[in-house]
Amino acid sequence: MQMKSCYIFYIVVTIGFLTMVSGIAAAATINVDDNGSANYTTIQAAIDAANNGDTVLVYPGIYSENVDVNKELTIVAKSGNLENAIVQAIDSSDYVFHITADEVKISGFYVKDGVERYWEDSVPGIYLDGVHNCVINNNQFSNVFYGLVLEASSNNTLSNNIATYNIGGIHLIDSNYNILDNNAALNNSENGILLEHSTYNNLNKNNAFNSIEGIRLINSENNFLSYNTVSNTTCGIYFEASDNNTLDNNIALNNFIGIRLIGSSYCTLENNTASNNKDGIYLEGYCNDNTLINNNASNNHAGISLRGYNKNNTLEYNKANSNEKYGIVLFSSNNNKLRDNTASNNDIGIFLKYSHWNLLENNDGSNERYGIYHSASKYNTLSNNNIKGEVFLKALAFVFLLILIMLSTSYLLKDKIGKKKSIISVSMILLLPLLPALIKVIYELHLLETIIPILLWNYLFIRFLEFGLPAAVIIFYGYTTEDQLFSTLSGVFLIPLSFIYAEIILGTLDPDPIVNLGYWLHWSSIVDVSPFMVLYGLIGYFGARRTKLSLIISICIAIFILVIISGID
């Protein structure tokens, strides 16, 4: 019985040894040379003759064929020089390489279409069709639809490939857990790298230049992009409806938009550089709960922009400096947090419009015109910000100019109505509108929010000051002087002049007087402000009549105006 057991053991060991030897023997190298000096003259013939695990070694030459790889093989060009091993499609309606087997390795080839074409009727260079654990490296793709296409393929590695002058460079469709490392997508007409419905892919140290979009993700989640460089594109890195992605240490230079997110949430953008673009980093259309940390968005037209219904985003420790217009923009974006950012040497440091309930805290910077500028934005909280602008110098210069105009006009009228009356009367018309204009400027620039907390009554109080104080001055002037003409005129011109003054100080209109007057004397502008012109004119008229009834009427009209403006943003 013991002897029988020994025989069985020896038989098992022998069978295992023979199996191992046969396996080793199967891992053969098959040579391919188009001049006929090797085992085969075509790559496809070598593949057909090969077994799983074999290596197909391709000598320099031009191979006009469409290659179907349905075995686990290593297919490598011998010379390592991409110009020496060219594989071009003999049938332009079929893939140059069509891979349907796992564990395939392809390296060292120049892959192109056999016909000089550039548009949609061409096919992919290498197409990975539902495969896993393949390695595609050190290849070049040209004059095909996409250089590399992965569909329903996972855990593959694409590295050191060059895709140039195609429709696109690399395209992943429903493909997960792949690695794209150190590839170059240059001069492609549409996308450098495109991911659709693909997750958990790692894109590292890739370059995408001179295409419409450098790297684009559509409905793709949980991907990690690091140390990629995109340049000279319409949009450098573009996420569309793609959540939970991470951008770390990427560079976007000389694009129309450096980094763009549309409808993408829960993404992290950290340590990226976006410079010399029109927009550095741009979020629009319901991008929520994203985190932007320590990014450098400088030397653009606008550094970091949140435009169109973006909420609950956090911007911390970002640099948005030396941008042509804006450092950081919030447009129709609510409930965002801006902390410890630097916005310096911009025209406007931080710009808010139609944006509410945002927190701006510990931000810093010195800018050409405005530190923090807002329009039609409410309930924002500012704390410990040190963002400066030079609007006060501009305001002082404008006030000085108005005083000179007022004195000159008074001098011309002094012989007709008296020196003292001319100064006071002209001041009522020309200088009184400065009061609501300056209040509006202070409100628009959030200057009071560094002093008082932001509550509803604060905004109402500011609005009451803007519209109520001038009414009180007009009533006082009319009642004390009985000057019905100038009291009425000061009321009629109060609102249009105050709007013009505020716009000039804020710099949103061309300060050329002719241009401004032309704008505000336009029929639609007159219609917009005419109710206030009438009401304030009536305040001045009844105030100057000096009867108890007329005084009560003036005060009631003023209260009516305050009630109206309390409901206007």
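Residues numbered from 1 in each chain as written. Predicted model: local features only at pLDDT ≥ 70, side-chain atom pairs only at ≥ 80, totals over all residues. Heavy atoms only, no water.

Q: Mind showing me how you'd approach the overall build of the protein chain here?
A: Scanning the protein chain from terminus to terminus reveals 10 helices and 42 strands. Per-residue burial over the protein chain gives 50% buried out of 569 residues. In the protein chain, the proportion of contacts linking residues at least 24 apart, taken out of those at least 6 apart, comes to 40%. Accessible area of the protein chain: about 25,000 Å², with a carbon and sulfur share of 59%. (Helix = DSSP H or I, 4+ residues; strand = E, 2+ residues; numbered from the N terminus. Buried < 20%, exposed > 50% of the residue type's maximum accessible area, 1.4 Å probe, protein only. Contact = heavy atoms within 4.5 Å. Areas by Shrake-Rupley, 256 points an atom, 1.4 Å probe, with all protein chains shown as cover.)

Q: Got a minute to help me understand the sheet that holds strand S15 (residues 162-164) in this structure?
A: Working definition: the strands of a sheet are paired by backbone hydrogen bonds and lie parallel or antiparallel to each other. With respect to topology, 10 strands assemble into an open sheet ordered S3-S6-S9-S12-S15-S18-S21-S24-S27-S30, the strand pairing being parallel. The sheet terminates laterally at strand S3 (61-64) and strand S30 (273-275), the two strands that pair on one side only. Within this sheet the neighbouring strands show an average axis-to-axis angle of 10°, counted without direction. (Pairing = 2+ DSSP bridges. Axes fitted to C-alpha atoms, helices over the stretch in contact; angles between N-to-C directions.)

Q: Where do I start with the confidence of the model for the protein chain in this structure?
A: When pLDDT drops low, the exact placement of atoms in the prediction is not to be read closely. The share of residues in the protein chain with pLDDT of 70 or more is 82%, and the mean pLDDT across the chain is 84. The low-confidence segment residues 17-25, where pLDDT is below 50, has zero contacts with residues more than four positions distant or belonging to other chains. In the predicted structure, residues 450-457 sits below a pLDDT of 50 and forms eight contacts with residues beyond four places in sequence or in another chain. (pLDDT = per-residue confidence, 0-100.)

Q: Please clarify how unusual backbone geometry should be interpreted in this entry.
A: One can expect most non-glycine residues to show negative phi and most peptide bonds to be in trans. The residue Asn133 is not glycine, and still its phi comes out positive at about 60°. Position of Asn133 relative to the elements: it lies in the loop between strand S10 (126-129) and strand S11 (135-137).

Q: Help me understand the side chain of Ser298, please; the structure alone is not making it clear to me.
A: Residue placement: Ser298 occurs in the loop between strand S32 (291-293) and strand S33 (302-311). Relative accessible area serves as the criterion here: at 8%, Ser298 is assigned to the buried category. A polar contact of 2.6 Å, which involves the side chain of Ser298, links it to the side chain of Asn296. The residues contacting Ser298, other than those within four sequence positions of it, are Ala274, Ser275, Asn276, Lys319, Ala320, Asn321 and Asn323. (Polar contact = N/O pair within 3.5 Å; in protein donor to acceptor, adjacent residues only side chain to side chain.)

Q: Quick question: what am I supposed to make of the pattern of salt bridges here?
A: Considering all chains together, one arrives at eight salt bridges under this definition. Note that Arg339 and Glu361 form a salt bridge whose closest N and O atoms lie 3.2 Å from each other. Placement of Arg339 in strand S36 (residues 337-339) and of Glu361 in strand S38 (residues 359-361) is noted, with a sequence separation of 22 residues between them. It is possible to trace a salt-bridge network through shared partners that takes in Glu213, Arg216 and Glu240. (Salt bridge = Lys/Arg side-chain N within 4 Å of Asp/Glu carboxyl O.)

Q: What should I look at first to understand the packing of aromatic side chains in this one?
A: Here the distance between the centres and the angle between the planes together describe a pair of aromatic rings. Evaluation of the coordinates by the stated rule reveals 10 aromatic pairs. For the ring pair Phe97 and Phe109, a centre distance of 5.9 Å and an interplane angle of 50° mean the geometry is tilted. Of this pair, Phe97 sits in strand S7 (residues 97-99) while Phe109 sits in the loop between strand S8 (105-107) and strand S9 (110-113), placing them 12 residues apart in sequence. Here Phe97 and Phe109 have matching classes, each one buried. Ring geometry for Tyr177 against Tyr200: centres 5.0 Å apart, planes inclined by 5°, an arrangement best described as stacked. (Phe/Tyr/Trp six-rings, centres within 6.5 Å; stacked < 30°, edge-to-face > 60°.)

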